[in-house]
Each structure stands twice: as C-alpha cells, then as structure tokens.
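Each chain, written out:
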Amino acid sequence: MPTKGMSAFIKGLNALKVKEVPAYLSKTVTYANISHYGSIAANDYRIKYISTSSYQPVYHVIGGVFVISYIMSWPTEYRHMMHQKAEAAATAAAAAAV
C-alpha cells in the first residue's frame, strides 16, 4: 500500500538528524520510487473509486482545483495585503507628523 510506504518514509525522516536528511532524500526520492508508488496509488484509487462508480473523484477534482487556485492566487493577495499595510502605516505617519 502507498500509505504504508509513505508511513515508512516519514518514520525514516523522523529518525534522522537535520544534517542526514539530504542524503536520505537523495536515496529514497528517486524517479523509480516515485513512479512505482505512483502507479500503485493510481491502481488503488481506480479500484476504490472508479470501479465502484463513486462520485468521490468529482469531489477530489473540485477540491484539487480549489487548492491549486488558492496556491496560485496567494502571492497576489499577499502583495495586496502588504501594500495596504504599508499605505496605512504611511497615512498614520503623515497624520502623526501634522
């Protein structure tokens, strides 16, 4: 199961010191491992949701689109927020100087 593989990966990370993490990641996160566990996960997903004619994949796509759009729009929203804060601080400084 991919869940067990991910659990073993996390447990392996927990057992390491910070200096040992890059070497561990370069050993474990390889194209072969990603493609192997990705195909297992896709097959498990297909068996669990697609084969049973479930509506869950539709909800997963909707949730995925929401998360991706939020991630993509966050930098713009953050810039707007920082600009508003800077403008408010400048207005307050100008009012205090008067």
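For the structure, see preceding data.
Values in this document were obtained by computation on a predicted structure and should not be read as measured data. (Residues numbered from 1 in each chain as written. Predicted model: local features only at pLDDT ≥ 70, side-chain atom pairs only at ≥ 80, totals over all residues. Heavy atoms only, no water.)

Moving on to the packing of aromatic side chains. Tallied over the full model, the rule gives five aromatic pairs. Plain terms: the ring middles of Tyr70 and Trp74 are 6.3 Å apart, the flat faces sit at 25° to each other, and that makes the pair stacked. Remark: Trp74 and Tyr70 occur in helix H4 (residues 56–97); sequence separation between them is four residues, near one turn of the helix. Classification of Tyr70 as partly exposed rests on a relative accessible area of 47%. With relative accessibility at 43%, the residue Trp74 sits in the partly exposed group. (Phe/Tyr/Trp six-rings, centres within 6.5 Å; stacked < 30°, edge-to-face > 60°. Helix = DSSP H or I, 4+ residues; strand = E, 2+ residues; numbered from the N terminus. Buried < 20%, exposed > 50% of the residue type's maximum accessible area, 1.4 Å probe, protein only.)

Time to look at unusual backbone geometry. Peptide bonds are, in most cases, trans, and in most cases residues other than glycine have a negative phi. Here Ser53, not a glycine, exhibits a phi torsion of approximately 55°, which is positive. Using a relative accessible area of 63% as the deciding quantity, one classes Ser53 as exposed.

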